[in-house]
Amino acid sequence: QPYHTPLPRTIRVYSNALLLMPPVPDLSMPFNIVGLTGTFYACLIGVTLNLLLRKATTTMADEYKGIETKSKLDKLKDKLKGLKDKLKGLMRRTKVEE
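Worth saying up front: this structure is predicted, and the values here are computed from it rather than measured.

Calculation rules
- Residues numbered from 1 in each chain as written.
- Predicted model: local features only at pLDDT ≥ 70, side-chain atom pairs only at ≥ 80, totals over all residues.
- Heavy atoms only, no water.
- Helix = DSSP H or I, 4+ residues; strand = E, 2+ residues; numbered from the N terminus.
- Buried < 20%, exposed > 50% of the residue type's maximum accessible area, 1.4 Å probe, protein only.
- Phe/Tyr/Trp six-rings, centres within 6.5 Å; stacked < 30°, edge-to-face > 60°.
- Salt bridge = Lys/Arg side-chain N within 4 Å of Asp/Glu carboxyl O.
- Patch = residues over 30% accessible without salt bridge, like charges linked within 9 Å, V, L, I, M, F, W, Y side chains within 5 Å.
- Areas by Shrake-Rupley, 256 points an atom, 1.4 Å probe, with all protein chains shown as cover.
- Expected span 1.5 Å × (residues − 1).

**Q** Would you take a moment to explain the overall build of the protein for this structure?
**A** Within the protein, the regular secondary structure consists of 2 helices and 0 strands. Counting all 98 residues of the protein, 0% fall into the buried class.

**Q** Is there a simple way to explain the packing of aromatic side chains in this structure?
**A** Ring pairs (aromatic) are described by centroid distance and by the angle formed between their planes. What the rule picks out here adds up to 1 aromatic pair. Plain terms: the ring middles of Phe40 and Tyr41 are 5.5 Å apart, the flat faces sit at 65° to each other, and that makes the pair edge-to-face. Looking at Tyr41, the relative accessible area reads 48%, which means it is partly exposed.

**Q** Would you mind showing me how to read the pattern of salt bridges here?
**A** Here the idea is simple: oppositely charged side chains can pair when their charged atoms come close. Under the defined criterion, the tally for this structure stands at 1 salt bridge. The partner of Lys70 in a salt bridge is Asp78, with the nearest N and O atoms 2.5 Å apart.

**Q** Mind showing me how you'd approach a nonpolar patch on the surface here?
**A** Among the surface-exposed residues, Phe40, Tyr41, Leu44, Ile45, Leu49 and Leu53 lie close enough to one another that they form a single nonpolar patch of about 630 Å² accessible area. Its location among the elements puts Tyr41 in helix H1 (residues 29-65).

**Q** Even after reading the chapter, I still don't get H1, so can you show me in this structure?
**A** Spacing of three or four residues puts side chains on the same side of an α-helix, whose turn is 3.6 residues. The end-to-end C-alpha distance of H1 is 54 Å, a good match for the 54 Å that 37 residues give at a rise of 1.5 Å each. Immediately downstream of H1, the backbone of Gly66 shows phi near 85°, a positive value.

Coordinates in, geometry out; function isn't part of it.
If you want it as structure tokens, here you go:
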């Protein structure tokens, strides 16, 4: 007769410690949401105002000092003009060497 072992029994354990309680809404939750939303908007408005005021004050200070700020288009034109002058200088050098 072949060797026969009995199947192991399944044991189920029930305990209160294994249960997770879901969060229960109470009266303080709306105040938490208002607080988080207010904090978010305060940070957003603060950053925006900081950026706008910093740019405005530097522009006003430059105008007061008489410093002319160039537009981006003027800066690009100056760069292209500098590159053109460099190329002309290189072309002149190669003509002299020939």
